[in-house]
Amino acid sequence: MWLYLAVLVGLYYLLRWYRERQVVSHLQDKFVFITGCDSGFGNLLARQLDLRGLRVLAACLTEQGAELLRNQTSDRLETVILDVTKTESIAAAAEWVKERVGDRGLWGLVNNAGTFPRHGCTEWLKIKTYMNTLQVNLIGLIEVTLSMLPLVRRARGRIVNVSSILGRIAFFGAGYSCSKYGVEAFSDILRRELQHFGVKISIIEPGYFRTVMTDVQKFSETMKQVWKEVPAHIKESYGQKFFDSYFDDMKQGILNCSTNLNLVTDCMEHALTSVHPRTRYSAGWDSQFFFIPLSYLPTSLADYILTRSWSKPAQVV
Ligand SMILES: NC(=O)c1ccc[n+]([C@@H]2O[C@H](COP(=O)([O-])OP(=O)(O)OC[C@H]3O[C@@H](n4cnc5c(N)ncnc54)[C@H](OP(=O)(O)O)[C@@H]3O)[C@@H](O)[C@H]2O)c1
């Protein structure tokens, strides 16, 4: 019985491997638009796809980031300045893309731009932090998608949305997690609605990776600053001991970040170039073997595992 089961599982993986390695033809004629190419995953993906011969349209937030990227890539790669929080900037970028792709349409849209500006417990963060995070990570992503969708439909292309393990299991950064849960919901609905247009949607769920966003020094400074600004009565309720244990736990996660960003960009590349892209890609060992399995456990058990190293707040009523 176990032997039959092992053979069946083996056959399933063999079939999946064969299906997934089939590559789309004429990649050199395909345009891919990527947001947030100044640094991190977006920057690496732009260089990776350029090397593979695709026509990369890279959107950067700053001219400095765009210039650096152009210096590292071929003449095929073009850049545009895009701030996903500004409607005019998105409209101008959509027009720019339309001029380049013409009747062929846009093969790939990668919604990668993101931010995680302030770190701390839910009650310590100001509403402005929530609004800023949602504006970049969710509203910006939705607006860029709506602006590019006619072009993607024309090409029967792909949309790749960058979520996070924090879009599957929420335990840190309420504003950030809400934005990523929103990305998951938006992508799921879009996939179901667009299936008959031949457009495929993939969601990337990275674990912890070392990028500008997860810079240890920046993280430590912003979290301590957040704590400093917490009103005294709230601070008293949590206490310094709670903050220290919470800070250490979060910092440990950041210190354990993987430096192999290719684990993420290879998933993005597969979603754009495979005939049969996956719906979801868990990128990174922590995502695949810890956080995603954890998300299927009973909630009480997941709660215990995720918070076991935190001290009790000072005033537990
Ligand atoms: N690193 C991780 O562990 C991790 C884990 C899960 C998911 N993610 C997600 O992966 C994506 C890429 O992040 P990353 O880790 O590569 O971090 P990153 O290096 O900070 O890259 C984020 C990019 O987004 C850009 N950006 C920020 N605000 C923007 C705006 N308003 N308009 C346009 N672009 C903007 C940044 O530009 P500037 O550099 O000029 O600010 C940067 O190029 C994000 O969606 C993030 O949430 C990251």
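Details of the structure are given in the entry above.
What comes next is a walk through the structure.

The rules behind each value
- Residues numbered from 1 in each chain as written.
- Predicted model: local features only at pLDDT ≥ 70, side-chain atom pairs only at ≥ 80, totals over all residues.
- Heavy atoms only, no water.
- Core = buried A, V, L, I, M, F, W, Y, C linked by side-chain atoms within 4.5 Å.
- Buried < 20%, exposed > 50% of the residue type's maximum accessible area, 1.4 Å probe, protein only.
- Helix = DSSP H or I, 4+ residues; strand = E, 2+ residues; numbered from the N terminus.
- Contact = heavy atoms within 4.5 Å.
- Salt bridge = Lys/Arg side-chain N within 4 Å of Asp/Glu carboxyl O.
- Pairing = 2+ DSSP bridges.
- Axes fitted to C-alpha atoms, helices over the stretch in contact; angles between N-to-C directions.
- Near = heavy atom within 4 Å.
- Polar contact = N/O pair within 3.5 Å; in protein donor to acceptor, adjacent residues only side chain to side chain.
- Areas by Shrake-Rupley, 256 points an atom, 1.4 Å probe, with all protein chains shown as cover.
- Nonpolar A, V, L, I, M, F, W, Y, C, P; charged D, E, K, R; others polar.
- Expected span 1.5 Å × (residues − 1).
- Arc of directions from axis to C-beta.
- Phe/Tyr/Trp six-rings, centres within 6.5 Å; stacked < 30°, edge-to-face > 60°.
- Bend = angle between axes of the 7 residues up to and from the residue.

Topic: the nonpolar core
Here is step 1: Among the nonpolar cores identified, the biggest contains 33 residues, and W124, F171, M223 and Y246 are the most heavily contacted of them.
Here is step 2: Broken down by secondary-structure element, the contributors of at least two residues to this core are helix 6 (174–194), helix 7 (216–229), helix 8 (232–255), helix 10 (285–295) and helix 11 (299–307).
Here is step 3: At 8 residues, helix 8 tops the list of elements feeding residues into this core.
Here is step 4: Once residues within four sequence positions are removed from consideration, W124 is found in contact with M223, V226, W227, V230, I234, Y238, F242, F243 and Y246.
Here is step 5: Listed in part, the 31 residues of the second largest apolar core include I34, L54, L77 and A271.

Some remarks on the pattern of salt bridges
Here is step 1: Applying the stated criterion to the full structure yields 14 salt bridges.
Here is step 2: D188 is the salt-bridge partner of R280, the closest N and O atoms lying 3.1 Å from each other. One end of the pair, R280, is in strand 7 (residues 280–283); the other, D188, is in helix 6, and 92 residues separate them in sequence.
Here is step 3: For R280, a relative accessible area of 27% gives the class partly exposed.
Here is step 4: For D188, a relative accessible area of 15% translates into the label buried.
Here is step 5: Taken together, the shared-partner salt bridges connect R168, E184, D188, R191, E205 and R280 into one network.

A word on the sheet that holds strand 7
Hydrogen bonds between backbone atoms are what pair the strands of a sheet, whose relative direction is either parallel or antiparallel.
Here is step 1: Spatial strand order, 3-2-1-4-5-6-7: 7 strands in an open sheet with parallel pairing. The open sheet terminates on both sides in strands that have one partner only, identified here as strand 3 (78–81) and strand 7. Taking the axes of each pair of neighbouring strands and ignoring which way they run, one obtains an average angle of 15° across the sheet.
Here is step 2: As defined by bridge partners, strand 6 (residues 200–206) adjoins strand 7 across 4 bridges and the pair is classed as parallel. Each residue of the ladder has a partner; that of I203, found in strand 7, is R280.

Notes on the site of the ligand
Here is step 1: In the neighbourhood of the ligand, 27 residues make up the surrounding shell, with S39, N112, Y176, F209 and T211 lying closest.
Here is step 2: With respect to the ligand, the side chain of S39 contributes an N or O atom lying 2.8 Å from an oxygen atom.
Here is step 3: Here G207 contributes a backbone N or O atom positioned 3.4 Å from an oxygen atom of the ligand.
Here is step 4: Taken by itself the ligand offers 880 Å² of open surface, and the protein chains cover 89% of this.
Here is step 5: Looking at the shell around the ligand, the elements with two or more residues in it are helix 2 (40–51) and helix 6.
Here is step 6: Here the shell around the ligand is built from residues that sort into 13 nonpolar, 11 polar and 3 charged.

Remarks on the side chain of T35
Here is step 1: By secondary structure assignment, the location of T35 is in the loop between strand 1 (31–34) and helix 2.
Here is step 2: Separated by 2.9 Å, the side chain of T35 and the backbone nitrogen of N112 make a polar contact.
Here is step 3: Among all residues touching T35, those that are not within four sequence positions of it are A59, L82, V110, N111, N112, A113 and V144.

As for helix 4 (residues 87–101)
Here is step 1: Look at helix 4: 21 Å from first C-alpha to last across 15 residues, which is about the 21 Å you get at 1.5 Å a residue.
Here is step 2: Residues of helix 4 that are buried include every one of S89, I90, A93, A94, W96, V97 and V101, and no others. All buried residues of helix 4 lie within an arc of 160° about the axis, which places them on one face of the element. Opposite the packed face of helix 4, turned more than 90 degrees from it, sit the exposed residues E88 and E99.
Here is step 3: Of the surrounding elements, those touching the buried residues of helix 4 are strand 1, strand 2 (55–60), strand 3 and helix 5 (127–155).
Here is step 4: Two residues or fewer after helix 4 comes G102, characterised by a positive phi angle close to 55°.

Thoughts on the packing of aromatic side chains
Here is step 1: On inspection of all chains with the given rule, the structure shows 21 aromatic pairs.
Here is step 2: Each ring, one from W124 and one from W227, has its centre 4.8 Å from the other, and the planes form 55°; the classification is tilted. Residue W124 is located in the loop between strand 4 (108–111) and helix 5, and its partner W227 is located in helix 7; the two are separated by 103 residues in the primary sequence.
Here is step 3: For W227, a relative accessible area of 7% corresponds to the buried category.

Focus: helix 8
Here is step 1: Between its terminal C-alpha atoms helix 8 stretches only 30 Å, short of the 34 Å expected from 24 residues at 1.5 Å a residue.
Here is step 2: Maximal helix bending in helix 8 amounts to about 75°, located at G239.
Here is step 3: Buried residues along helix 8 sit against helix 7.

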